[in-house]
Amino acid sequence: MNSNNKVACPLDCYDACQGQIIDENIKGSKEHKTTNGKLCVNFANLLKEENLKKAFFEGKEISLEESLNILVEKLKTTTPEKTLFYKGSGNIGVMQNSTKNFFTQYGSTLTRGSLCDGGGGAGIEAGRQNVINPPIQKLIDSDVIIVWGRNFTVTSSHMYNLVKDKTFITIDPTCTEIAKKSKIHMQINPKTDYELALLFTRFAHMQDLEDREFIEEFGNGADWFFDISRNRPVVSYETTTGIPLAQVNEFFDLIENKKVAIVLGLGVQKYFEGAQITRCIDSFAAFMGFHKKDAGGVWYLSDSVYGYKKQFEVKGKNKKVSIPQVDFGSYDLVFIQGSNPVVSAPNTKKVIEGLKKSFVVYFGTTLNDTCEYADLIIPSSSFLSKKDVRLSYGHELKAISQIVKEKDENSISEYDLTNYLLEQFSFDKLKDEDEIISYYENTKPVLDDFETFDFVEELDIEPLYKEKTADNFYLITAKNKKSLNSQFAGDDFVYLNSSTKFNDNDEVLISSKNGSAKFIVKINDDIKSNCAFFFAGNKNVNYLTPALEDESSFSAMYQEVLVEIELS
Ligand SMILES: Nc1nc2c(c(=O)[nH]1)N[C@H]1C(S)=C(S)[C@@H](COP(=O)(O)OP(=O)(O)OC[C@H]3O[C@@H](n4cnc5c(=O)[nH]c(N)nc54)[C@H](O)[C@@H]3O)O[C@H]1N2
Ligand SMILES: Nc1nc2c(c(=O)[nH]1)N[C@H]1C(S)=C(S)[C@@H](COP(=O)(O)OP(=O)(O)OC[C@H]3O[C@@H](n4cnc5c(=O)[nH]c(N)nc54)[C@H](O)[C@@H]3O)O[C@H]1N2
Ligand code: SF4
Ligand SMILES: [Mo]
């Protein structure tokens, strides 16, 4: 048997599937519990993609060697601080992090924060000191799963498959697939999840449902938390959250004496106070004692490298810039790896203007929208030709990638590029590749559960509904089944409810205080009537979003915005 037969899906997704070559085809591994023999449509699309086979300089094809020479020459003649190292999540294998080692030593400006889960992570960490998920078995052993701001069947379809027979409750402004399969769908107004968590807390107390033992043993500040929930009349929450109190009663009927899990997603935290909102939900979960039980718990996007020693880390005094606030134009050279900021970063107009001003190096596997503004394009080898280990932010299983296909001669892996650059600048080379891979493969990190839970004791959140009028809309973006962020199928529509004054195929101009863009309307009653819905990866949606950081984690807050829509 060929021993090189394992392929990890490199895509940024909770599931982290393990593939295996069987009769020259890649099949989902049956032994890998979450993969359970299946890979998804995005993986199939990844295999069909046309990989970059040539390097480019100023639009002309050149050899890989020439492109590397240009890169080195440019780096040697630019002030390191005036260069930016910008890495996305097009491939989230651990070996992608190798390049940062070089750019740190070289002295580039680095980014901090995230375009993804940062705010929510900061909220969970504030309560429990780290962001780790309970073992997946506890999800499987739960009775009721509350899907809160997560598109569960789409963004973690394999995790869903393990638990699809459970009772579901969904809290989401959109009537998602999982909402349709749920016993209760609370179609909440955006950015009011902390209010709902407080309302739940109040109800739980009225019905004596809180877990006093848990609070006594692990809790810190539970009384303060409960106090926040008391300082408003119960009925006032109905209008702001959009959730009828009768539904809250149903909710408690359904979870009483049950083993409860919450799968929490990005939806709740795409706001300035995303950390506070998430912490408030996690505090409700602690009030109920969902944590630390034999079954159930709270799952978010965990810190997948928690408990591992960083294999590429070097100390540096590099300048750091918050990733949503990056001004590409203020650097002489920008090195972009595995990312498509022209589509995925906030404030597209600012991104494009900035890229036009700088010398842009794009290091990636395929041509994307950002390449249009790149001066130098360096092809990264396909995931099939790279050794890697894939950790997961959804569960504790890992997936292994071996070299199953010879690399294209004009492409280079992240690890090899790093060693090449280290050598050119006479820095120490990286540890041996196999040693790094086997470290990740064989280390079983100790995931220490928290010893104290610090409840959120005060909240200072500016709701979006204060600025909401009958004429503007909340902006919602969520992931698409058929694409992986900006990779694969494009869908550039705006989705609106039929109760709005718009019709299918209307051409509209949508504006916010950050910018404007044109869209074609699709009417869909799964969208809440006060929301304008776009899929992540929509080429125009980020013209509307703020290039600003949230209050606590240097991270993006794509939904901290209201939009106006007019026929164009
Ligand atoms: N098929 C597919 N899978 C993916 C991805 C993909 O692009 N395609 N992307 C991957 C990545 S990078 C990530 S980070 C994960 C993210 O996956 P998820 O955590 O599922 O995040 P989203 O799809 O962004 O949003 C989830 C839900 O939040 C809802 N929502 C929006 N605003 C609010 C709100 O204020 N309150 C509440 N309660 N809900 C709200 C949306 O309607 C949406 O249904 O998915 C990963 N998996
Ligand atoms: N409005 C709005 N914007 C969002 C979101 C949202 O919900 N709403 N979601 C945000 C989230 S959660 C995320 S994670 C970000 C994602 O944003 P990005 O990290 O920019 O991800 P993508 O846009 O998918 O671009 C990934 C690129 O990586 C390249 N690539 C793939 N494999 C490799 C490889 O092996 N090596 C190298 N070097 N390159 C490779 C691909 O060619 C692809 O073009 O977008 C964020 N943007
Ligand atoms: S479900 Fe996610 S991890 Fe699994 S194959 Fe699809 S994209 Fe990859
Ligand atoms: Mo993400």
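Residue positions are given per chain, counting from 1 as you read along its sequence in written order. Each chain gets a letter, beginning with A, and each ligand a number, beginning with 1, in the order they are written. With pLDDT at 70 or above as the cut-off, local features in this predicted model cover only qualifying residues; side-chain atom pairs require 80 or more to be listed or tallied, and sums for whole chains, interfaces and linings still use all residues. Hydrogen atoms and water are omitted, and side-chain values are computed over all heavy atoms in the structure.

As a further point, take the overall build of the protein. Check the secondary structure of the protein and you find 18 helices and 28 strands. Principal-axis analysis of the C-alpha atoms places the extent of the protein at approximately 70 × 55 × 50 Å. When contacts within the protein are restricted to residue pairs at least 6 apart in sequence, long-range pairs at least 24 apart make up 76% of them. Reported accessibility uses the Shrake-Rupley method at a 1.4 Å probe radius. Residues are deemed covered only where the shown protein chains occlude them. Element-wise, carbon and sulfur atoms account for 46% of the exposed surface of the protein, whose accessible area totals about 23,800 Å². Helix and strand labels come from DSSP, where a helix needs a run of H or I of at least four residues and a strand needs a run of E of at least two; each type is numbered from the N terminus. Residue contacts are defined here by distance: any two heavy atoms, one from each residue, within 4.5 Å place the two residues in contact.

On to the site of ligand 2, then. Proximity is defined per residue: if any heavy atom of the residue lies within 4 Å of a molecule or strand, that residue is considered near it. Near ligand 2 you find 34 residues, and of these S339, S344, T366, N368 and S486 are the closest. Between S89 and ligand 2, the recorded distance is 2.7 Å, taken from a backbone N or O atom to an oxygen atom. Throughout this description, a polar contact denotes any pair of N or O atoms lying within 3.5 Å of each other; where both atoms belong to protein, one of them has to be capable of donating a hydrogen while the other can accept it, and for residues adjacent in sequence the pair is counted only when both atoms sit in side chains. N368 is positioned with one of its side-chain polar atoms (N or O) 2.7 Å from an oxygen atom of ligand 2. Expressed as a share of its isolated accessible area of 920 Å², the protein-covered part of ligand 2 is 96%. Considering each element in turn, the shell around ligand 2 owes the most residues, 3 residues, to strand β16 (residues 359-364).

Relative to each other, helix α4 (residues 118-128) and helix α14 (residues 274-287) sit at 50°, their axes nearing to 7 Å. Taken together, the axes of α4 and α14 are oblique relative to one another. Both α4 and α14 take part in a crossing whose hand is right-handed. Across from G119, G120, A122, G123, I124, A126, G127 and R128 in α4, the residues of α14 making contact are G274, A275, T278, R279 and D282. Fitting a line to C-alpha atoms yields each axis, with helices limited to the stretch in contact; the angle taken between N-to-C directions then spans 0 to 180 degrees. Note on angle classes: values under 35 degrees are labelled roughly parallel, values over 145 roughly antiparallel, values of 65 to 115 roughly perpendicular, and the remainder oblique. Crossings are sorted by hand: turned counterclockwise from the far helix by less than a right angle, the near helix makes the crossing left-handed, and turned clockwise it makes it right-handed.

In the vicinity of ligand 3, the contacting residues are C9, L11, C13, D15, A16, C17, L39, C40, F43 and H158. Think of it as three bins: nonpolar holds Ala, Val, Leu, Ile, Met, Phe, Trp, Tyr, Cys and Pro, charged holds Asp, Glu, Lys and Arg, and polar takes everything else, Gly as well. A breakdown of the residues in the shell around ligand 3 according to their chemical character gives 8 nonpolar, 1 polar and 1 charged.

A separate point is the pattern of salt bridges. Throughout this description, the term salt bridge denotes a Lys or Arg side-chain nitrogen within 4 Å of a carboxyl oxygen of Asp or Glu. This structure, assessed with the given rule, holds 19 salt bridges. With its nearest N and O atoms 3.9 Å apart, the salt bridge here joins K292 to D449. One end of the pair, K292, is in the loop between α14 and β13 (297-299); the other, D449, is in the loop between α18 (433-442) and β20 (453-454), and 157 residues separate them in sequence. For K292, a relative accessible area of 30% corresponds to the partly exposed category. One salt-bridge network, held together by shared partners, links K191, E273 and E560. Think of it in three bands: with a 1.4 Å probe and only protein chains considered, a residue is buried below 20% of the maximum accessible area for its type, exposed above 50%, and partly exposed in between.

On to a negative patch on the surface, then. On the surface, E457, E458, D460 and E551 cluster together to form a negatively charged patch. As for its position among the elements, D460 is in the loop between β20 and β21 (472-478). On the basis of relative accessible area, D460 is assigned to the exposed category, the value being 60%. Patch criteria: residues need more than 30% relative accessible area and no salt bridge. Like-charged residues are merged within 9 Å; nonpolar side chains of Val, Leu, Ile, Met, Phe, Trp and Tyr are merged within 5 Å. Residues scored as charged are limited to Lys and Arg (positive) and Asp and Glu (negative), so that His and the chain ends carry no count. Here the site of a charge means NZ on Lys, CZ on Arg, CG on Asp, or CD on Glu.

Strand order across the open sheet formed by 6 strands is β5-β4-β17-β16-β15-β6, with mixed pairing between neighbours. This sheet does not close on itself; its edge strands, each paired only once, are β5 (60-62) and β6 (83-87). With strand direction ignored, the average angle separating the axes of adjacent strands in the sheet is 20°. When DSSP locates at least two bridges between a pair of strands, those strands are taken to pair. Both β16 and strand β17 (residues 376-379) contribute to a ladder of 4 bridges, which runs parallel. Paired with V361 across the strands is L376, a residue of β17. Strands in contact with helix α2 (residues 64-76) are β4 (55-57), β5, β15 (333-337), β16 and β17; relative to β17, the strand with the most contacts, it is inclined by about 125°.

Bridge analysis of strand β24 (residues 494-496) against strand β26 (residues 515-523) gives 3 bridges, and the strand direction is parallel. Bridge pairing in β26 places L496 opposite I523. Here strand β25 (residues 507-512) pairs with β26 via 6 bridges, running antiparallel. Within the sheet, the bridge partner assigned to S511 lies in β26 and is S516. In textbook terms, the turn of a hairpin is the stretch between consecutive antiparallel strands, and for β25 and β26 this stretch comprises 2 residues.

This part covers the nonpolar core. Residues grouped as a nonpolar core are buried Ala, Val, Leu, Ile, Met, Phe, Trp, Tyr and Cys residues, joined through side-chain atoms within 4.5 Å. The biggest cluster of nonpolar side chains holds 83 residues, and the ones touching the most others in it are W148, F200, F251, F252 and F284. Among the elements that line this core, the one with the most residues is helix α9 (residues 193-206), at 8 residues. Beyond its immediate sequence surroundings of up to four residues, F252 is in contact with F200, F203, A204, Q207, L209, F284 and M288. Counting 37 residues, the second largest nonpolar core, distinct from the first, contains F85, L391, L422 and Y440.

Moving on, we get to the packing of aromatic side chains. Here a Phe, Tyr or Trp ring, Trp counted by its six-membered ring, pairs with any other such ring whose centre lies within 6.5 Å, and the pair is stacked when the planes are under 30 degrees apart, edge-to-face when over 60, and tilted otherwise. Throughout the structure, instances matching the rule amount to 41 aromatic pairs. Arranged with centres 6.1 Å apart and planes meeting at 45°, the rings of F102 and F427 form a pair that is tilted. In this pair, F102 is assigned in helix α3 (residues 98-106) and F427 in the loop between α17 (414-424) and α18, connecting sequence segments 325 residues apart. Considering the side-chain rings of F533 and F535, the 5.2 Å spacing of their centres and the 90° angle between planes classify their relative orientation as edge-to-face. Overall, the relative accessible area of 17% leaves F535 in the buried class. Ring-pair connections join several aromatic residues into one group, and the members of that group are F85, F102, F103, Y106, F335, F363, F425 and F427. Just above the ring of Y237 sits the side chain of R232; from NZ or CZ to the centre is 4.1 Å. We call a charge positioned over a ring when the NZ of a Lys or the CZ of an Arg lies within 6 Å of the ring centre and within 35 degrees of the ring normal.

With that settled, the discussion passes to the side chain of E210. Mapped onto the fold, E210 is located in the loop between α9 and α10 (212-218). On the basis of relative accessibility, which here comes to 10%, the residue E210 falls in the buried class. Here H205 takes part through its side chain, which lies 2.8 Å from a polar atom of the side chain of E210. At 3.1 Å, the side chain of E210 forms a polar contact with the side chain of R212. Setting aside residues no more than four positions away along its own chain, E210 makes contact with A204, H205, I215 and F287.

Functional significance is not addressed by these values, which are geometric in nature.
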